[in-house]
Structure formats: structure tokens, C-alpha cells
Amino acid sequence: MKRTLFSAIGLSFLLTWAQPATAQDLASQLVGVWKFTSQSTKEVATGKISHPYGEKPTGHAVYTKGGHVAFVLVGDNRKAPAGAGTTDAERINLFNTMAAASGTYKVEGNTIIASYAASWNQTWTGITSKRQFEIVGNKLTLTSAPAKDMAGQDIVFVVTYERVE
């Protein structure tokens, strides 16, 4: 009787044990529209954390079932041009307060590998980027390996999203 009871308890424990998501499960969970909730960079040398697009950036990332990705990220501190025409200084400010790219992606384990065919910053066009990702509920977090920023410093990007659909 005890053996049967322990066997039943053991079997129910094994059946209800949380199993890690497979790569295919993670890939299918990634598909959809995600709203940016934050973007930060951490300097590897100093640990300093910055928010280049402000504390509340806006924009979306879209991952399709067929392996396409597109995103636009806009800073929370953008200023509209003062007049009907846009000055060079205003165009520079607008360029420096956004990011956008599109291309294809694939998932390997918990890594997204994106290849960008077009981008707001031509240095991203034609590159492949790798980001570790985690999905918890309706939250997506992407974390980069250390990489050089435009100033040549090693930084780590951390981007968070909330699922829209």
C-alpha cells in the first residue's frame, strides 16, 4: 500500500514538474508585436547605466512566424521641428533619438540572431546581431553581449518589451 501511494505521489510530482521551454516553444512565444518599455546601456568598464532614448521610449518590434523582424524605437525627449522646414540641427537631433531596422531572424536556444537588410544607421545594414532573450508572462527582455557603441566604448544593451499581440 505504501509503495503504491509513494509511486502515485512520485508520478504526480513528475507530471506537474515545470519543464524548461524548448527552443521551438521560445521561438513561437517570440512571434507577435512587442511594445518597447525600456532601453538601457551599461558601460562594461565602469558599470554606468544610461538611457539613451530616455526613461520611457516608444516604438514596437514585430517578429513574424516566417522569420522576419522590424522595429522602430523613438526616444521620449524628441522635439518637433520649430517651423515648416527642418534645419540640419533638428534633423541630427531626430536621427540621434531613434533607431529602426528590418530583416530576418532565427532562434537558437535562448538567442535571437537577427540579420538586418535595412536600418536607420547604415552601420547596422548587413550585420548580424545576437541577443539573449527571456520571456516571462507578457514581458520580453533582450540582452546583448558586450559591443562597441558609436563612441567606441564596450557596452551591453538591455531592452525590455511588453506584448501587444
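Above this text is the structure in question.
A brief report on the enclosed structure follows. (Residues numbered from 1 in each chain as written. Predicted model: local features only at pLDDT ≥ 70, side-chain atom pairs only at ≥ 80, totals over all residues. Heavy atoms only, no water.)

**Things to note about the side chain of Asn-121**
Part 1: With respect to the secondary-structure elements, Asn-121 resides in the loop between strand S6 (111–119) and strand S7 (128–136).
Part 2: For Asn-121, a relative accessible area of 6% translates into the label buried.
Part 3: Setting aside anything within four residues of it in sequence, one finds Asn-121 in contact with Phe-95 and Met-150. (Helix = DSSP H or I, 4+ residues; strand = E, 2+ residues; numbered from the N terminus. Buried < 20%, exposed > 50% of the residue type's maximum accessible area, 1.4 Å probe, protein only. Contact = heavy atoms within 4.5 Å.)

**Observations concerning the packing of aromatic side chains**
Part 1: Evaluation of the coordinates by the stated rule reveals eight aromatic pairs.
Part 2: For the ring pair Phe-36 and Tyr-161, a centre distance of 4.6 Å and an interplane angle of 45° mean the geometry is tilted. Residue Phe-36 is found in strand S1 (residues 32–43), and its partner Tyr-161 is found in strand S10 (residues 154–163); the two are separated by 125 residues along the sequence. Comparing Phe-36 with Tyr-161 shows no difference in burial state: the two are buried.
Part 3: Ring centres of Phe-71 and Tyr-116 lie 6.1 Å apart, and the angle between their planes is 75°; on these two criteria the pair is classed as edge-to-face. (Phe/Tyr/Trp six-rings, centres within 6.5 Å; stacked < 30°, edge-to-face > 60°.)

**Details of the environment of Met-98**
Part 1: Residue placement: Met-98 occurs in strand S5 (residues 98–108).
Part 2: A C-alpha to C-alpha distance of 8.8 Å links Met-98 and Arg-78, two positions 20 residues apart in sequence.
Part 3: Once residues within four sequence positions are removed from consideration, Met-98 is found in contact with Tyr-53, Val-72, Leu-73, Val-74, Arg-78 and Trp-120.

**With respect to the pattern of salt bridges**
Part 1: Applying the stated criterion across every chain yields a total of four salt bridges.
Part 2: The salt bridge involving Lys-106 is made with Glu-108; its shortest N-O contact spans 3.5 Å.
Part 3: Judged by its relative accessible area of 46%, Lys-106 falls in the partly exposed class.
Part 4: Residue Lys-148 pairs with Asp-154 through a salt bridge whose shortest N-O separation is 3.3 Å. (Salt bridge = Lys/Arg side-chain N within 4 Å of Asp/Glu carboxyl O.)

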